[in-house]
Amino acid sequence: MRRLELKFTNQEGKVVTYSLDQPIEPVDTNAINAAMDTIISENAFTSSGGDLIEKHSARIVERTVEDIELG
């Protein structure tokens, strides 16, 4: 499963991560930048360390899960 992680810095200087499953691909960097700017400017989310104040990073994370059959 692929996941888009949007990372922001909050007022305490800590990194806060929001994840979205099954992002649209190929990734549109401009759309991600615009969405993150909107989240910050509209104060759409908050964290225990205060408001989100700047973009930290964004990334696609892929996780592979393999079930193990037990006896």
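These numbers come from a predicted model, not from an experiment.

Asks: Before we move on, could you go through the pattern of salt bridges and cite the residues and values that matter?
Replies: Counted under the stated rule, the structure contains 7 salt bridges. With a shortest N-O distance of 2.8 Å, arginine 3 and aspartate 21 are connected by a salt bridge. Taken as a pair, arginine 3 in strand S1 (residues 2-10) and aspartate 21 in strand S2 (residues 15-21) lie far apart in primary sequence, 18 residues in all. The class of arginine 3 is partly exposed, set by a relative accessible area of 28%. Given the relative accessible area of 46%, aspartate 21 is considered partly exposed. One salt-bridge network, held together by shared partners, links Arg2, Glu25 and Glu62.

Asks: Outline the layout of surface pockets, listing residues and values.
Replies: Here the largest pocket is characterised by a volume of approximately 200 Å³. If you trace the largest pocket, you find 13 residues lining it, with Leu4, Pro23, Ile24, Ala31 and Ile32 closest to the centre. Elements with a minimum of two residues in the lining of the largest pocket: S1, S2 and helix H1 (29-41). Among the elements that line the lining of the largest pocket, the one with the most residues is H1, at 3 residues.

Asks: Explain the nonpolar core to me, using residue names and the numbers behind them.
Replies: Among the nonpolar cores identified, the biggest contains 8 residues, and these are Leu4, Leu6, Phe8, Val16, Ile32, Met36, Ile39 and Leu52. The contact partners of leucine 4, leaving out residues within four places of it in the chain, are Tyr18, Ser19, Leu20, Pro23, Ile32, Arg59 and Ile60.

Asks: So what's going on with the sheet that holds S1? Residues and values would help.
Replies: Reading across from one edge, S2-S1-S4-S3 is the order of the 4 strands in this open sheet, with antiparallel pairing throughout. Of all strands in the sheet, those bounded by a partner on one side alone are S2 and strand S3 (46-47). This element, H1, spans S1 and strand S4 (50-62) of the sheet and lies at about 150° to S4.

Cut-offs used in this document
Residues numbered from 1 in each chain as written. Predicted model: local features only at pLDDT ≥ 70, side-chain atom pairs only at ≥ 80, totals over all residues. Heavy atoms only, no water. Salt bridge = Lys/Arg side-chain N within 4 Å of Asp/Glu carboxyl O. Helix = DSSP H or I, 4+ residues; strand = E, 2+ residues; numbered from the N terminus. Buried < 20%, exposed > 50% of the residue type's maximum accessible area, 1.4 Å probe, protein only. 1 Å grid on protein atoms, 1.4 Å probe; cavity = no way out; pocket = protein on both sides within 12 Å on 5 of 7 lines; lining within 4 Å. Points joined across faces, edges and corners; volume = space filled by probe spheres on them. Core = buried A, V, L, I, M, F, W, Y, C linked by side-chain atoms within 4.5 Å. Contact = heavy atoms within 4.5 Å. Pairing = 2+ DSSP bridges. Axes fitted to C-alpha atoms, helices over the stretch in contact; angles between N-to-C directions.

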